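Each chain is listed here by its residues.
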Amino acid sequence: MAARYAGKTVENGPLIYRVRPANAGKNWAPEVPTCCPECNQTVQEACVRCHHGLLPGWRDGHATCVAMNGSRATGKSLYIAVLVKQLDQLMAKLSSTVEFADARTRDNYTEIYEKPLYESRGLMPPTPSAITDSSYQREPLIFSLGILNGVRRFLVIRDVAGEDMERPPADTAPLHFLANADAVFFMFDPMAVPEIRAKLQDLVPTQSQLGGDPHTVLANLMNIIGGATPRLAVILSKFDAMHELRKVEDIDWQSIMSNSGAAFLRDPSLESAQYQEDDGELLHEEVRSLLHKLNAGRLVLSLENPHSGQPIPYRFFAVSALGEAPRGQSVHPRGIAPFRSLDPAKWVLSLTGAI
């Protein structure tokens, strides 16, 4: 079972099982022996399904789990790289810090996300397929957020290759973590809309790669999660491109994107440590209207009237991880200026009681 969930061969030493008593309370935890009676090695508590080792203090804390999703070239990896930096600023407002929960997270974040973007000032390569590429990093990124509201908090982030969502495998067991996440961040690239791409061809550098149809990817996501109802953050990514519509010779788009009172033209995310519900609801309705204007009404309808008949809690967001479109494979010469990148994370952290 562990190999099926992990999507790779899982090798374990001797396994020791503890069965939860029928009358056990909600705070029950198994008694973990110090050493394995067979091999005399130190014992680590692990998940009963995937056999992933649990971190020290895991049972005493609370984890918020986020799964990144969307088609190729929507900026998921860039978003992760920037989000961690922004979260550190947010935690400072709560008198805490963001720390790597284990050495594996530290090494993976540093090598895959931080160094390419913040040191080399370039873009990281696409996330490799978990199904066909052995180099895919299957381990989640796990961060400790410190003690918030009296409880130690963890944030777990799992990336998913757009290729795997555009063409899911026949056996989707390795993607079942999507159904168990506290939230799925579904990213939608406005440059995938031919009308917008044509209007911005002289204002925004041409992208070398565009992902697949976001409506198809969303449908694949819904099939994978089945009857589960994780919170869904639908993120209009690369929103800096939308800001450029103020400059096009189109009266409708000029008026929409020049509305000084619009929530999608301001970023209050670091003004407060708390998620501002009123601002979030306003942004939600604005982005919903923009998606209809972008000819993405089918995507909106599939959320409002899912075929499963099971309502899914969702909210729309507008995010730009970089602040300005990259130049080729390098960030803009003016640097990185994230726009509303914290909003989706603050939303789910507020719903799980972390902030």
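Before reading on, note that the structure itself is shown above.
Residues numbered from 1 in each chain as written. Predicted model: local features only at pLDDT ≥ 70, side-chain atom pairs only at ≥ 80, totals over all residues. Heavy atoms only, no water.

J.: So what exactly am I meant to see when it comes to the nonpolar core here?
T.: Most often, soluble globular proteins keep nonpolar side chains buried together rather than apart. Of all hydrophobic cores here, the largest spans 49 residues; its most connected members are Leu178, Leu221, Leu232, Phe239, Trp253, Leu291 and Leu294. Broken down by element, this core gets its largest block of residues, 6 residues, from helix α7 (residues 214–225). (Core = buried A, V, L, I, M, F, W, Y, C linked by side-chain atoms within 4.5 Å. Buried < 20%, exposed > 50% of the residue type's maximum accessible area, 1.4 Å probe, protein only. Helix = DSSP H or I, 4+ residues; strand = E, 2+ residues; numbered from the N terminus.)

J.: Please explain the pattern of salt bridges as it appears in this structure.
T.: Opposite charge on two side chains permits pairing when their charged atoms draw close. As enumerated under the stated definition, the model contains 16 salt bridges in all. Ionic pairing is found between Asp279 and Arg266, a salt bridge with its closest N-O pair at 3.7 Å. With Asp279 in helix α10 (residues 277–293) and Arg266 in the loop between α9 (251–257) and α10, this pair connects stretches of sequence that are 13 residues apart. Overall, the relative accessible area of 15% leaves Asp279 in the buried class. Among the residues examined, Arg266 registers a relative accessible area of 34% and is labelled partly exposed. Via salt bridges that share partners, Arg266, Asp279, Arg340 and Asp343 belong to a single interconnected network. (Salt bridge = Lys/Arg side-chain N within 4 Å of Asp/Glu carboxyl O.)

J.: Sorry, what's going on with α10 here?
T.: The α-helix advances 3.6 residues per turn, and as a result positions three or four apart in sequence lie on the same side. Compared with the 24 Å implied by 1.5 Å per residue over 17 residues, the 24 Å span of α10 between its first and last C-alpha is a close match. All buried positions along α10 are accounted for by Asp279, Gly280, Leu283, His284, Glu286, Val287, Leu290 and Leu291. Positive backbone phi, at 65°, marks Asn295, one or two positions downstream of α10. (Expected span 1.5 Å × (residues − 1).)

J.: Honestly, the packing of helix α2 (residues 76–93) against helix α12 (residues 343–351) in this entry has me stumped. Any pointers?
T.: Packed helix pairs are characterised by how far apart their axes lie and by the angle those axes make with each other. Where α2 contacts α12, the two axes come as close as 10 Å, and the packing angle between them is 60°. Overall, the two elements α2 and α12 adopt an arrangement that is oblique. Here α2 runs over α12; the crossing is right-handed. Residues Tyr79, Leu83, Leu87 and Leu90 of α2 lie in contact with α12, whose contacting residues are Pro344, Ala345, Lys346 and Leu349. Grouping the constituent residues of the contact of α2 with α12 by class yields 7 nonpolar, no polar and 1 charged. (Axes fitted to C-alpha atoms, helices over the stretch in contact; angles between N-to-C directions. Parallel < 35°, antiparallel > 145°, perpendicular 65-115°, else oblique. Left-handed = near helix turned anticlockwise from the far one by under 90°. Contact = heavy atoms within 4.5 Å. Nonpolar A, V, L, I, M, F, W, Y, C, P; charged D, E, K, R; others polar.)

J.: I keep staring at the sheet that holds strand β7 (residues 314–318) and nothing clicks. Help me out?
T.: Sheets are built from strands that pair by backbone hydrogen bonding, the pairs being arranged parallel or antiparallel. Spatially, 7 strands are ordered β2-β3-β4-β1-β5-β6-β7 in an open sheet, and the strand pairing comes out mixed. In the strand order of this sheet, the two ends are held by β2 (99–100) and β7, each with one partner. Pairing analysis gives 6 bridges linking strand β1 (residues 62–70) to strand β4 (residues 151–158), with the strands arranged parallel. When the sheet's bridge partners are listed, Val66 is paired in β4 with Ile157. Strands β5 (183–188), β6 (231–236) and β7 of the sheet are contacted by helix α11 (residues 297–304), whose axis makes an angle of about 150° with β7. (Pairing = 2+ DSSP bridges.)

J.: Is there a simple way to think about empty space enclosed by the protein in this case?
T.: It is a probe the size of a water molecule, rolled over the atoms, that shows where empty space is left. Evaluated as defined, the whole model comprises 6 cavities of 30 Å³ or more. Space inside the largest cavity adds up to approximately 80 Å³. Along the walls of the largest cavity sit Pro268, Ser269, Gln274, Tyr275, Gln276, Asp279, Gly280, Leu283, Phe317, Arg340, Asp343 and Lys346, which together make up its complete lining. Secondary-structure elements contributing two or more residues to the lining of the largest cavity are α10 and α12. A breakdown of the residues in the lining of the largest cavity according to their chemical character gives 4 nonpolar, 4 polar and 4 charged. (1 Å grid on protein atoms, 1.4 Å probe; cavity = no way out; pocket = protein on both sides within 12 Å on 5 of 7 lines; lining within 4 Å. Points joined across faces, edges and corners; volume = space filled by probe spheres on them.)

J.: Looking at this structure, how should I read the packing of aromatic side chains?
T.: Given two aromatic rings, their pairing is described by the distance between the two centres and the angle made by the two planes. For the structure on display, the rule yields 10 aromatic pairs. With a centroid separation of 5.5 Å and an interplanar angle of 65°, the aromatic rings of Tyr314 and Phe316 are classed as edge-to-face. Taken together, the ring pairs connect Phe100, Tyr109, Tyr113 and Phe143 into an aromatic cluster. It is Arg158 that lies over the ring of Phe177; its NZ or CZ is 4.1 Å from the centre. The aromatic ring of Trp253 is capped on one face by Lys293, whose charged end is 5.6 Å from the ring centroid. (Phe/Tyr/Trp six-rings, centres within 6.5 Å; stacked < 30°, edge-to-face > 60°. Lys NZ or Arg CZ within 6 Å of the ring centre and 35° of its normal.)

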